[in-house]
Amino acid sequence: MRQILQGSFWQRPFWRGRDEDHVSAGEAAAAAAAEPEPLPEPDPAAAAFFDVDNTMMRGASIYYFARGLAARKLFTMRDLAMFAWGQATFRLRGTENSEHIGSAKEAALAFVAGQQVAGIVQLSEEIYDEVMADRIWHGTRTLALQHLDAGQQVWLVTATPVEVARTIAHRLGLTGALGTVAETSDGVYTGRLVGNLLHGPAKAEAVRALAHREGLDLARCAAYSDSINDLPMLTAVGHPHAVNPDAELREHARENGWPIHDFRTGRRVTMIALPAAAGAGALAGGVAAGIALRRHYRAN
């Protein structure tokens with residue numbers, strides 16, 4: 001029996017039959033295939049602008065970047081814990097003083113002072129792959145890709161250093177990023193900012209400046225954010241959206257009929273997503289700070 005099998009069927013390729021008609025089979029398959037959907041006409045006058053922290057990504061991108069630097073001994077764990085505390089107060093207070101937050105962010109950016117720009121760019125790519133990639137909201141990225149599919153530009157707009165923001169945009173396949181610009185001299189960071197933090201009204205100004213440069217019609221553009229602090233940017237475009245919104249932005253969006261997208265798994269979520277790997281001490285400190293701050297601001 002084995003000899004018969006070896007000499008007949010098993011030595012003959014299965015596609016060789018007596019009634020072969022490859023041409024007809026191929027033509028029938030092609031005829032049955034659905035016609036592809038026509039590609040949309042590019043819309044060079046429209047674009048979408050996305051905030052990053054808690055909109056495109058769970059938590060604060062600059063915190064994850066600092067964490068990656070700490071792992072490489074470029075940023076101490078004590079600095080990281082202090083920065084985590086600052087991030088907790090920043091998110092929990094909500095109506096923060098812009099001057100205070102600007103000073104805090106400038107101090108946080110000072111950790112790159114003396115570092116080569118090219119080196120920080122390379123580190124931002126490594127840190128994105130290690131720490132940030134798994135924290136992208138898939139729902140928000142889908143919204144961004146829908147704009148790209150419609151032939152529109154898609155930009156990130158964030159207070160995060162522009163080098164980190166560009167890395168995130170590149171990894172997500174987006175057009176580009178607007179971020180806080182750190183001063184450099186001969187390819188080395190000075191530790192100071194150019195202008196101010198890209199936050200609140202500054203985001204709206206950046207969007208307007210980019211729209212002027214790119215020939216965009218802001219009335220046809222969209223913007224996405226989680227925070228009431230980005231209201232200037234949201235109201236600068238014709239199609240504002242709330243994503244994973246804080247309480248104030250959710251209320252404002254409802255009152256004005258804006259679309260609301262919530263990709264969080266629970267209805268009650270923390271206001272800052274500090275990763276568990278940051279350590280129990282930093283996390284506990286953030287939670288304690290949050291409880292204390294909430295009580296303070298409710299009492300006052």
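This is a predicted model, so every value here is computed, not measured.

Draft legend 1. Representation of the sheet that holds strand β7 (residues 239–243) in the model. Strand order in the open sheet made by the six strands is β3-β2-β1-β6-β7-β8, with parallel pairing throughout. Unpaired on one side and paired on the other, β3 (176–180) and β8 (260–261) mark the two borders of the sheet. Across four bridges, strand β2 (residues 153–161) lies against β3 in parallel orientation. When the sheet's bridge partners are listed, W155 is paired in β3 with G176. Along the sheet face, helix α9 (residues 201–214) touches β1 (47–50), β2 and β3 and points at about 145° away from the line of β2.

Draft legend 2. Region of interest: the pattern of salt bridges. Going through the model one piece at a time under the given rule, you end up with eleven salt bridges. Two residues, E130 and R72, come together in a salt bridge whose shortest N-O distance is 2.7 Å. On the criterion of sequence distance, the pair formed by E130 in helix α6 (residues 117–132) and R72 in the loop between α3 (61–71) and α4 (77–93) is long-range, its members being 58 residues apart. The closest approach of N and O atoms between R208 and E205, which form a salt bridge, is 3.0 Å. Note that R208 and E205 are positioned in helix α9 at a spacing of three residues, about one turn of the helix. What makes R208 partly exposed here is its relative accessible area of 38%. Among the charged side chains, a network of salt bridges with common partners joins D51, K203 and D230.

Draft legend 3. Broad picture of the nonpolar core. In this structure, F50, M56, M132, L156, I168 and L174 are the most contacted members of the largest nonpolar core, which totals 34 residues. At the level of secondary structure, the elements contributing two or more residues to this core comprise β1, α3, α6, α7 (138–149), β2, α8 (162–172) and β6 (222–225). The leading source of residues in this core is α6, at six residues. The residues contacting L174, other than those within four sequence positions of it, are M56, A144, L148, V154, L156 and A169. Of all hydrophobic cores here, the second largest spans 22 residues; its members include A206, L249, A253 and W258.

Draft legend 4. How the structure looks around the packing of aromatic side chains. Tallying each qualifying case throughout the model produces two aromatic pairs. Between F50 and Y224 the ring centres are 4.1 Å apart and the planes differ by 5°, which places this aromatic pair in the stacked class. Of this pair, F50 sits in strand β1 while Y224 sits in strand β6, and the two are 174 residues apart along the sequence. Pair check on accessibility: F50 and Y224 agree, each one buried. Plain terms: the ring middles of Y63 and Y64 are 5.8 Å apart, the flat faces sit at 65° to each other, and that makes the pair edge-to-face. The same class applies to Y63 as to Y64, namely buried. The ring of W137 carries R58 above its face, with NZ or CZ at 5.3 Å from the centroid.

Draft legend 5. Molecular detail of α3. By the criterion of burial, α3 is predominantly enclosed, with ten of the eleven residues buried. Among all positions of α3, only S61, I62, Y63, Y64, F65, A66, R67, G68, L69 and A70 are buried. At the exit of α3 stands K73, carrying a positive phi of roughly 65°.

Draft legend 6. Expanded view of unusual backbone geometry. Phi is positive for N54, close to 65°, though the residue is something other than glycine. Among the secondary structure elements, N54 is positioned in the loop between β1 and α3.

Draft legend 7. Looking closely at the environment of D186. Counting through the fold element by element, D186 comes out in the loop between β4 (182–185) and β5 (188–193). Taking relative accessible area as the criterion, D186 reaches 78% and is therefore assigned exposed. Distance in space between the C-alpha atoms of D186 and Q116 is 8.9 Å, their sequence separation being 70 residues.

Draft legend 8. Main features of the environment of N54. For N54, a relative accessible area of 12% gives the class buried. Separated by 83 residues in the primary sequence, N54 and W137 place their C-alpha atoms 8.4 Å from one another.

The rules we used
Residues numbered from 1 in each chain as written. Predicted model: local features only at pLDDT ≥ 70, side-chain atom pairs only at ≥ 80, totals over all residues. Heavy atoms only, no water. Pairing = 2+ DSSP bridges. Helix = DSSP H or I, 4+ residues; strand = E, 2+ residues; numbered from the N terminus. Contact = heavy atoms within 4.5 Å. Axes fitted to C-alpha atoms, helices over the stretch in contact; angles between N-to-C directions. Salt bridge = Lys/Arg side-chain N within 4 Å of Asp/Glu carboxyl O. Buried < 20%, exposed > 50% of the residue type's maximum accessible area, 1.4 Å probe, protein only. Core = buried A, V, L, I, M, F, W, Y, C linked by side-chain atoms within 4.5 Å. Phe/Tyr/Trp six-rings, centres within 6.5 Å; stacked < 30°, edge-to-face > 60°. Lys NZ or Arg CZ within 6 Å of the ring centre and 35° of its normal.

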